[in-house]
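Topology and contacts: notes
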Amino acid sequence: MAMNPTPRYAARRRKNAITLGLSLAATLFGLGWLVLILGTLLYEGFSGLSLRVFTEMTPPPGASGGLLNPIMGSLVLTGLAVLIGTPIGILAGTYMAEYGRHERLTSVVRFINDILLSAPSIVIGLFIYEVMVYPMGHFSGWAGAVALAVIVIPVVVRTTEDMLTLVPDTLREAAASIGLPRSLMIIRIAYRAAKAGMITGVLLAVARISGETAPLLFTSLNNQFWSSNLNAPVASLPVVIFQFALSPYKDWQALAWTGALIITMTVLVLSITARALSGQRKQS
Amino acid sequence: MPTAGRRSVVDLALQSGALQASEASSRSKALERLRLGDTAFRHLTRAAAYAVLILMGGIIVSLVAGSWLALSNFGFGFLVSERWNPVTENFGAMAPIYGTIVTSLIAMVIAVPIGLMIAMFLTELCPQFLRRPIGIAIELLAGIPSIIYGIWGLFIFAPFLQDTLQPFLIGLFGNVPVLSSLFAGPPYGIGVLTAGLILAIMVLPFITSISRDVFEAVPPVLKEAAYGLGCTTWEVVRNVVLPYTRVGVIGGIMLGLGRALGETMAVTFVIGNAHKVSASLIAPGTTISATIANEFTEAVGDMYTSSLILLGLILFVITFIVLAVARYMLMRIERRIG
């Protein structure tokens, strides 16, 4: 390698070293935020974490209390949203991958679905306010659950279609060759082959909605007390965090941090599980 | 042997319990039932696919219907009016639209170069065993709910900026002619700049992961050929990877922009909710989504509510266009690679 380090070559190498150095710095910068945010959350959230958080209701200002009613509210809303959104999402994804793979309808639905996937969630809140809260005349837990379901649907449609498309056609042909009707082929063969990926999709959807605040602000609103009535406003963790964090009371702010810690940990566990599931599938 | 095929269908259905034993006594009846189930399932899935379209249609129709009162009252003047007076019921969207665009621009100016740099690091420089963990860590950043960014921005980031960056910027540009107006006013901590910075942190992972995906899709042969000619890593990225993936990268950037424009909670915490167009980046402002989040439940009167829904419609139209362009570009690059 008798290459003479001409000035031009040296300059090119220098430029390369600088850019690569910058890219390393950018990566550290990006990871730095993750560490910073998680660090503060752990620090601020853990100090308020106690059994009381999970056993007591949200307190009035100045008193001690927990987050039991918003935690339950969030669980119920999320569960309902998944129950409403997942079947619709899976069926729509099934049509796109199994029946209409090359139809125009499929590409239109895919395009619209992708836009819904990243549409501002506050607009979905306004939509549900218009179609449910306003006609019913009051805020309700049902409205909140439906608003979250509208966010679940595009996530599940997307993953279901992707995962069913990956199922090898030979499996379908084998099923058809023994005379299995198409619907049974899809339910018993294709769904089974794509199961891990489809579960991943649902997990990702749950992760997505468990922190959603904007669509709940004017659908399920908030409730200071325990409520098992889904026709009335229901407390949810994100909305309570929003309200408590912006309040001037120290106790409320501390509870907001604890709530934030709970949500973030839930979301992180869900997304890591989802990734582990889809990673397993890739390797096998 | 067609009969063998028929038989196995019914047998399978019998085993799976899809048929009652009594019904199975008549094979033609059973087959008819299977056929009906098949058609029903097909139509069910088709209806679900249409439901996605109906959902989108429903959003548009309900927003237009809800904002009709404000739309017919203010007309296009709504877009350029800066007034926002709930008492006299006089509303205009200038300040929120301005705030939305400025905060998103700040976010993109910061997040695009850094995101591309990280993508380059992950695809070209990073040791193989670190690629997946770092990639996942960046994606986890994308998974953190926006309200977390909001509470963190309000309690940690805004006070930090108030003490450090903002006084520094005011001091640095205070005497420079044009720039001084960009940083005029006292350092509140919260404001347009803070919101833009938080948005930058939020969209960074989106831009990074999409850029990384399209960078990885560049055929190795192209890169190897460039390396073979003696190109440095940067020259390969600059002259081979970026031109090849340009459409996809722009798609990713637009997707990030769509997120930034519609982001609500993170911005609501730190923007200050002030309905005015201010040249200063450190002054409090508002965005479309923050205005809706802050005021909707407290809005009294049909005109107020309708104006807020009209804001929502404007936001939806803007993000729809941005996201549609993004998807179109990403589809183009997928077609080329696939």
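Since we're looking at a predicted model, the values are computed, not measured.

**Thoughts on the overall build of chain A**
Across its full length, chain A carries 12 helices and 0 strands. Secondary structure elements of chain A, listed N to C terminal, follow the sequence α-α-α-α-α-α-α-α-α-α-α-α. C-alpha extents for chain A along the principal axes are approximately 75 × 70 × 35 Å. Across the 284 residues of chain A, 56% fall into the buried class. Taking as baseline every contact in chain A between residues at least 6 positions apart, the subset at least 24 positions apart corresponds to 73%.

**A short note on the overall build of chain B**
Across its full length, chain B carries 15 helices and 2 strands. Here the C-alpha radius of gyration of chain B, 27 Å, is well above what a compact globule of 338 residues would show, namely 20 Å. When its C-alpha atoms are laid out on the principal axes, chain B stretches across 90 × 70 × 35 Å. Looking at chain B as a whole, 52% of its 338 residues are labelled buried. Contacts in chain B between residues at least 24 apart in sequence constitute 73% of all its contacts with a sequence separation of at least 6. Charge centroids of chain B, computed over 21 positive and 18 negative side chains, lie 12 Å from each other.

**Quick look at the interface of chain A and chain B**
The interface of chain A with chain B comprises 89 residues on the first partner and 84 residues on the second. Buried surface at the junction of chain A and chain B, summed over both partners, amounts to about 7700 Å²; 80% is from carbon and sulfur atoms. Summed over the shared surface of chain A and chain B, the result is 3 salt bridges. Between Asp114(A) and Arg327(B) there is a salt bridge; the shortest N-O distance is 4.0 Å. At the boundary of chain A and chain B, one finds 9 residue pairs in polar contact (both at pLDDT 80 or more). It is helix α1 (residues 7-46) of chain A that provides the largest number of residues to the side of chain A that touches chain B, a total of 21 residues. Residue composition of the side of chain A that touches chain B, by class: 61 nonpolar, 17 polar and 11 charged.

**Brief notes about the packing of helix α3 (residues 68-99) of chain A against helix α8 (residues 182-193) of chain A**
Packed helices, taken two at a time, are described by the angle between their axes plus the distance between the axes. Residue and element names in this part refer to chain A. At a closest axis distance of 12 Å, the pairing of α3 and α8 adopts a crossing angle of 105 degrees. Compared by their axis directions, α3 and α8 come out roughly perpendicular. Residues Ile 90, Thr 94, Glu 98 and Tyr 99 of α3 form the contact with α8, whose own contacting residues are Arg 182, Ser 183, Met 185, Ile 186, Ala 190 and Tyr 191. Grouping the amino acids of the contact of α3 with α8 by side-chain chemistry returns 6 nonpolar, 2 polar and 2 charged.

**Topic: the nonpolar core**
Soluble, globular proteins show a tendency: their nonpolar side chains are buried together. All names here are of chain B. If you look at the biggest cluster of nonpolar residues, it comprises 183 residues, and the most contacted ones within it are Phe 78 and Tyr 149. Looking at which element gives the most residues to this core, the answer is helix α15 (residues 302-337), with 15 residues. Once residues within four sequence positions are removed from consideration, Phe 78 is found in contact with Trp 84, Phe 91, Gly 92, Ala 93, Met 94, Ser 307, Leu 310, Leu 311 and Ile 314. In terms of nonpolar packing, the next biggest core, distinct from the first, is built from 10 residues, Val 218, Val 236, Val 240 and Val 241 among them.

**Some details on the side chain of Arg327(B)**
Residue position: Arg327(B) is located in helix α15. Owing to a relative accessible area of 10%, Arg327(B) belongs among the buried residues under this scheme. Arg327(B) has contacts with Phe111(A), Asp114(A), Leu117(A), Ser118(A), Arg158(A) and Leu255(B), leaving out every residue within four places of it along the chain.

**Examining the packing of aromatic side chains**
In total, this model carries 20 aromatic pairs over all chains according to the counting rule given. On the numbers, 4.2 Å between centres and 10 degrees between planes, the contact of Phe244(A) with Trp252(A) is stacked. Among the aromatic residues, those joined into a cluster by ring pairs are Tyr129(A), Tyr134(A), Phe139(A), Phe218(A) and Phe296(B).

**Concerning unusual backbone geometry**
Where the residue is not glycine, phi is negative for most of them; where a peptide bond is considered, it is trans in most cases. For Leu221(A), which is not a glycine, the phi torsion comes out positive at approximately 55 degrees. Its place among the elements puts Leu221(A) in the loop between α10 (214-217) and α11 (237-245). Classification of Leu221(A) by relative accessible area gives partly exposed; the value is 24%. For Glu89(B), which is not glycine, the phi torsion reads 55 degrees and is therefore positive. Along the polypeptide, Glu89(B) turns up in the loop between β1 (84-85) and β2 (90-91).

**Comments concerning the environment of Phe76(B)**
All names here are of chain B. Positionally, Phe 76 belongs in the loop between α3 (27-74) and α4 (77-80). Given the relative accessible area of 74%, Phe 76 is considered exposed. For the pair Phe 76 and Gly 92, spaced 16 residues apart in the sequence, the C-alpha separation amounts to 9.6 Å.

**Section: helix α6 (residues 128-143) of chain B**
End to end, α6(B) covers 24 Å across 16 residues, agreeing with the expected 22 Å (1.5 Å per residue, within 8%). Taken as a whole, α6(B) has its buried residues at Ile134(B), Gly135(B), Ala137(B), Ile138(B), Glu139(B), Leu140(B) and Leu141(B).

**Things to note about the environment of Ile314(B)**
All names here are of chain B. With respect to the helices and strands, the residue Ile 314 is situated in helix α15. For the pair Ile 314 and Ile 288, spaced 26 residues apart in the sequence, the C-alpha separation amounts to 8.5 Å. Setting aside anything within four residues of it in sequence, one finds Ile 314 in contact with Phe 78, Leu 79, Ala 93, Ile 97 and Ile 288.

**Thoughts on the pattern of salt bridges**
Scanning all chains against the criterion turns up 14 salt bridges over all chains. Put simply, Arg275(A) and Glu139(B) hold a salt bridge, and the shortest N to O gap is 2.5 Å. Here Arg275(A), found in helix α12 (residues 250-283), pairs with Glu139(B), found in helix α6, and the two come from separate chains. Residues joined by salt bridges that share partners form a network here, namely Asp114(A), Arg158(A), Asp162(A) and Arg327(B).

**So, the packing of α8(A) against α3(B)**
In contact at an axis separation of 7 Å, α8(A) and α3(B) are set at 65 degrees when each is read in the N-to-C sense. When the axis of α8(A) is compared with that of α3(B), the two are roughly perpendicular. Residue-level inspection shows Arg182(A), Ser183(A), Leu184(A), Ile186(A), Ile187(A) and Tyr191(A) of α8(A) in contact with α3(B), the latter providing Leu34(B), Gly37(B), Asp38(B), Phe41(B) and Arg42(B). By residue class, the composition of the contact of α8(A) with α3(B) is 6 nonpolar, 2 polar and 3 charged.

What counts and how
- Here, residues in each chain are numbered from 1, in the same order as that chain's written sequence.
- To label them, take the chains in the order written and letter them from A, then take the ligands in the order written and number them from 1.
- Totals for whole chains, interfaces and linings use every residue, but because this is a predicted model, local features are given only for residues with pLDDT of at least 70 and side-chain atom pairs only at 80 or more, for both listing and counting.
- As a convention, hydrogens and water are excluded, and side-chain values are obtained from all of the structure's heavy atoms.
- Under the scheme used here, helices are H or I runs from DSSP no shorter than 4 residues and strands are E runs no shorter than 2 residues, and both carry numbers assigned from the N terminus.
- Note on classification: 1.4 Å probe, protein chains only; a residue is buried when its accessible area is under 20% of the maximum for its type, exposed when over 50%, partly exposed between these limits.
- What makes two residues a contact is simply this: any of their non-hydrogen atoms within 4.5 Å.
- Just to be clear, the radius of gyration here is over C-alpha atoms, and the globule rule we use is 2.2 Å times residues to the power 0.38.
- Counted as positive: Lys and Arg. Counted as negative: Asp and Glu. His and the chain ends are not counted at all.
- Each charge is placed at NZ for Lys, CZ for Arg, CG for Asp and CD for Glu.
- Summed over both partners, the accessible area (1.4 Å probe) lost when two parts come together is defined as the buried area.
- The rule for a salt bridge is simple: a side-chain nitrogen of Lys or Arg has to be within 4 Å of a carboxyl oxygen of Asp or Glu.
- Throughout this description, a polar contact denotes any pair of N or O atoms lying within 3.5 Å of each other; where both atoms belong to protein, one of them has to be capable of donating a hydrogen while the other can accept it, and for residues adjacent in sequence the pair is counted only when both atoms sit in side chains.
- Under the convention adopted here, Pro, Cys and the residues Ala, Val, Leu, Ile, Met, Phe, Trp and Tyr are nonpolar, Asp, Glu, Lys and Arg are charged, and Gly plus all remaining residues are polar.
- In this description, a line fitted to the C-alpha atoms serves as the axis of each element, helices being fitted only across the stretch in contact, and the angle between N-to-C directions of two axes falls anywhere from 0 to 180 degrees.
- Working definition: roughly parallel below 35 degrees, roughly antiparallel above 145 degrees, roughly perpendicular at 65 to 115 degrees, and oblique for all remaining angles.
- Take the buried residues of types Ala, Val, Leu, Ile, Met, Phe, Trp, Tyr and Cys, join any two whose side-chain atoms come within 4.5 Å, and each joined set is a nonpolar core.
- Paired rings are identified among Phe, Tyr and Trp, the last through its six-membered ring, by centres lying within 6.5 Å, and are further divided according to the angle between planes into stacked (under 30 degrees), edge-to-face (over 60) and tilted (the rest).
- A helix is expected to reach a length of 1.5 Å times the quantity of its residues less one.

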